[in-house]
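# Examining the three-dimensional arrangement
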Amino acid sequence: MSLLARLTADRRLRYAMMAAMLAGSLLFAYLAFSGSARAFLNLSSPPRLDYLGLALGLVGFNHILQAVMWHLYARDLHQERDAGKDILRYSVTALTRSLPGAFYWSIASRVMLYQQDGRTAFATVATGAELALQSISGAGLALVLLGWPWGVAPAAVILALPLLPGTERAWLGLAEHRWFSQRWPQLGAGFREVSRLSRRTLAVALAAYLLMWLLGGLFAEALVLAIGAPLPARLPLYGIWVVTSLVGTAGSVFLGGIGAIREFSLAGLLTPLLTLPVATIVSLLSRAILVLGSWIWGAATAFVCQLATRPRSHR
């Protein structure tokens, strides 16, 4: 029996795996904070807890935002009406974001959770749609922030692409193309599934992810203020955060799960604005808060959803 089949059939094994993920996330958070603590020794005063709390709260808000979008994908693709169930599953998989090779852990855990309903294809298709729409919205916003005002027009074109009439037929055409239908039938089936996403869901997703990226810029601003550094101009600061986050996503997907490339690129691009020591501290602190936030908010949201969806007889 394969490991995936055993995880699906054995509840105790599933719980043991989730416990291992939690332990791994906590360990990684400790290591991240330890590295940041060494950098903090160069600061004249401890970081301000109010700004760190704001940054941690923004991580939680973005988590809820992405979890709700995940449910909208499930609603379109499988007529899923139970939002709590989808948010619970999304939150459980968020616990793996701080592990090395987080993208592959996330895919594996999503497939495992939806295996119980025979919907493993949905997990991969929705993940692909999520990454694509986040990348499109991030690229559009980065053009506006870093190329203002000349970046507005190309950004509008990029953001409008998923909403153009005929988009559904284009996906269906790809699915039926011989190159995909014969060589990669699973990819063709994925294109067919994506075509079922409504234009309304796509528009809501793009708007939600634009808000997510902007809040990410506010997150970076809070970290700069937390260490008492002079705040640079917001447009380049927010734009650099979006660009480095996209680089980190690409690293997670295409470079064997090297998501930490975001921190390296963040430190490098922020150096002209903040100096190298300050930029390094901000990048380390961002890693630590994101690791801790993914664990805290993923676990808290999953716990609340578990209580809300539990049958009344068991309450």
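Residues numbered from 1 in each chain as written. Predicted model: local features only at pLDDT ≥ 70, side-chain atom pairs only at ≥ 80, totals over all residues. Heavy atoms only, no water.

### Some words on the pattern of salt bridges
Applying the stated rule across the entire model yields five salt bridges. Salt-bridge contacts for Arg75 lead to Asp76; the nearest nitrogen and oxygen are separated by 3.9 Å. Using a relative accessible area of 28% as the deciding quantity, one classes Arg75 as partly exposed. Given the relative accessible area of 13%, Asp76 is considered buried. Taking the shortest distance from any N to any O, the salt bridge between Arg234 and Glu221 comes out at 2.9 Å. Of the two residues, Arg234 is situated in helix H12 (residues 234-254) and Glu221 in helix H11 (residues 199-226); the sequence distance between them amounts to 13 residues. (Salt bridge = Lys/Arg side-chain N within 4 Å of Asp/Glu carboxyl O. Buried < 20%, exposed > 50% of the residue type's maximum accessible area, 1.4 Å probe, protein only. Helix = DSSP H or I, 4+ residues; strand = E, 2+ residues; numbered from the N terminus.)

### A short note on the confidence of the model for the protein
Across the protein, pLDDT averages 79, with 68% of residues at or above 70. No element of the protein has a lower mean pLDDT than helix H1 (residues 3-9), which averages 45, and none a higher one than H11, which averages 95. Note that pLDDT drops below 50 for residues 1-9; the model gives that stretch 14 contacts with residues more than four away or on any other chain. (pLDDT = per-residue confidence, 0-100. Contact = heavy atoms within 4.5 Å.)

### Section: the environment of Pro230
Here Pro230 shows up in the loop between H11 and H12. As a C-alpha pair, Pro230 and Leu273 span 43 residues in sequence and 9.3 Å in three-dimensional space. When neighbours within four sequence positions are excluded, Pro230 is seen to be in contact with Val224 and Leu274.

### Focus: the packing of aromatic side chains
Here the distance between the centres and the angle between the planes together describe a pair of aromatic rings. In this structure the tally under the stated criterion is two aromatic pairs. Judged by centre distance (5.6 Å) and plane angle (50°), the ring pair of Trp70 and Tyr90 falls under tilted. Taken as a pair, Trp70 in helix H3 (residues 49-78) and Tyr90 in helix H4 (residues 83-94) lie far apart in primary sequence, 20 residues in all. Owing to a relative accessible area of 1%, Trp70 belongs among the buried residues under this scheme. Plain terms: the ring middles of Phe219 and Trp241 are 5.3 Å apart, the flat faces sit at 50° to each other, and that makes the pair tilted. Placement of the pair is Phe219 in helix H11 and Trp241 in helix H12, with a sequence separation of 22 residues. (Phe/Tyr/Trp six-rings, centres within 6.5 Å; stacked < 30°, edge-to-face > 60°.)

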